[in-house]
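# Remarks on the overall topology
Take a look at the letters that make up each chain.
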Amino acid sequence: MRGEYNTRQKRDILAFLRSHDLEPYSVDDLVFELQEQGERIGRTTVYRHLEALAEQGSVRKYQTPQGVVQYQHVADSSECDAHFHMMCKSCGRLYHVNCKLMEALTQHIYSDHNFLLDARETMLVGVCARCASAQKGENVHGADYASGCHHRI
């Protein structure tokens with residue numbers, strides 16, 4: 001069994017992600033950002049530490065529809081077990097969905113269809129209000145409508 005080391009580089013990676021809470025980063029994005037801050041760190045090191053942090057639950061790992069693996073800091077990973085997630089297929093951002101309607105949907109699917117959804121693994125894919133607005137050049141109804149139901153992680 002390999003021991004876990006709490007190296008300076010691992011601490012720097014986690015500190016960076018904490019200070020940019022809610023923001024998704026690929027391995028290459030994170031290497032670039034850390035090197036811009038003067039950190040001498042390689043891609044393999046960043047990848048290895050991100051994988052370890054994801055396994056520990058400090059970081060959420062997910063893949064965008066474009067196939068890019070992203071990592072985000074998660075303050076309390078147990079929160080993710082209790083609700084659905086939405087992912088923007090344009091920018092790759094991940095959102096928590098804390099909404100009574102989704103809870104009711106989960107109950108309906110279980111009671112009427114004998115199927116228990118795993119909220120942590122349930123991902124709704126679409127386009128966020130910011131990307132939709134940029135694509136259309138206008139404000140979309142969904143931005144105002146959805147703001148009461150969810151917040152970005």
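From a predicted model like this one, the values you see are computed outputs, not experimental measurements.

## As for the overall build of the chain
Summing up its helical and strand segments, the chain has six helices and six strands in all. Counting from the amino terminus, helix and strand elements in the chain follow one another as α-α-α-β-β-β-β-α-β-α-α-β. Here the chain holds 153 residues, and 35% of them are scored as buried. Taking all contacts inside the chain whose residues are at least 6 apart in sequence as the whole, residues at least 24 apart take part in 57%.

## Comments concerning the pattern of salt bridges
Summed over the entire model, instances satisfying the criterion amount to six salt bridges. Glu-23 serves as the salt-bridge partner of Arg-93, at 2.9 Å between the closest nitrogen and oxygen. Remark: Glu-23 occurs in the loop between helix H1 (8-19) and helix H2 (27-36) and Arg-93 occurs in the loop between strand S3 (84-88) and strand S4 (94-97); sequence separation between them is 70 residues. Notably, a salt bridge pairs Lys-100 with Glu-103, separated by 3.9 Å at the nearest N-O pair. On the criterion of helical spacing, the pair formed by Lys-100 and Glu-103 is a turn pair, its members being three residues apart in helix H4 (residues 100-113). Judged by its relative accessible area of 44%, Glu-103 falls in the partly exposed class. When salt bridges with common partners are traced through the structure, they connect Arg-8, Asp-12 and Glu-39 into a single cluster.

## Details of the packing of aromatic side chains
Here the structure, examined in full by the defined rule, presents one aromatic pair. When the centroid spacing of 5.2 Å and the interplanar angle of 70 degrees are considered together, the rings of Phe-16 and Tyr-25 count as edge-to-face. In this pair, the class of Phe-16 matches that of Tyr-25, namely buried.

## Details of the packing of H2 against helix H3 (residues 43-56)
At a closest axis distance of 9 Å, the pairing of H2 and H3 adopts a crossing angle of 115 degrees. Viewed along their axes, H2 and H3 form a crossing whose handedness is right-handed. The residues of H3 that touch H2, namely those facing Val-27, Asp-28, Leu-30, Val-31 and Leu-34, are Arg-43, Val-46, Tyr-47 and Leu-50. Tallied by class, residues from the contact of H2 with H3 come to seven nonpolar, no polar and two charged.

## Focus: the nonpolar core
Counting 15 residues, the largest nonpolar core has Ile-13, Leu-17, Leu-30, Leu-34, Val-46 and Leu-50 as the members making the most contacts within it. Contributing elements (two or more residues each) for this core: H1, H2 and H3. Setting aside its immediate chain neighbours within four residues, Val-46 contacts Ile-13, Val-27, Leu-30, Val-31, Leu-34 and Ile-41.

Basis of the calculations
By convention here, each chain's residues receive numbers from 1 onward along its written sequence. This being a predicted model, a pLDDT of at least 70 is required before a residue's local features are given, and a value of 80 or more before pairs of side-chain atoms are given or counted; all residues contribute to the totals for chains, interfaces and linings. Derived side-chain values reflect all non-hydrogen atoms in the structure, with water molecules and hydrogen atoms excluded from consideration. Helix and strand assignments come from DSSP, with helices taken as H or I runs of at least 4 residues and strands as E runs of at least 2, each series counted from the N terminus. Residue burial is assigned from relative accessible area. The probe radius is 1.4 Å, only protein chains are included, and a residue is buried under 20% of its type maximum, exposed over 50%, and partly exposed in between. Contact between two residues is taken to exist if any of their heavy atoms lie within 4.5 Å; hydrogens are not considered. Should a side-chain nitrogen of Lys or Arg be within 4 Å of a carboxyl oxygen of Asp or Glu, the pair is scored as a salt bridge. Here a pair means two rings of Phe, Tyr or Trp (six-membered ring of Trp) with centres within 6.5 Å. Their orientation is stacked below 30 degrees between planes, edge-to-face above 60, and tilted elsewhere. Here, axes are lines fitted to C-alpha atoms. For helices the fit covers the stretch in contact, and angles between N-to-C directions go from 0 to 180 degrees. Handedness of each helix crossing follows the sense of rotation of the near helix against the far helix: counterclockwise by less than a right angle gives left-handed, clockwise gives right-handed. Residues are grouped as follows: Ala, Val, Leu, Ile, Met, Phe, Trp, Tyr, Cys and Pro are nonpolar; Asp, Glu, Lys and Arg are charged; all remaining types, including Gly, are polar. Buried Ala, Val, Leu, Ile, Met, Phe, Trp, Tyr and Cys residues form a nonpolar core when they are joined through side-chain atoms within 4.5 Å.

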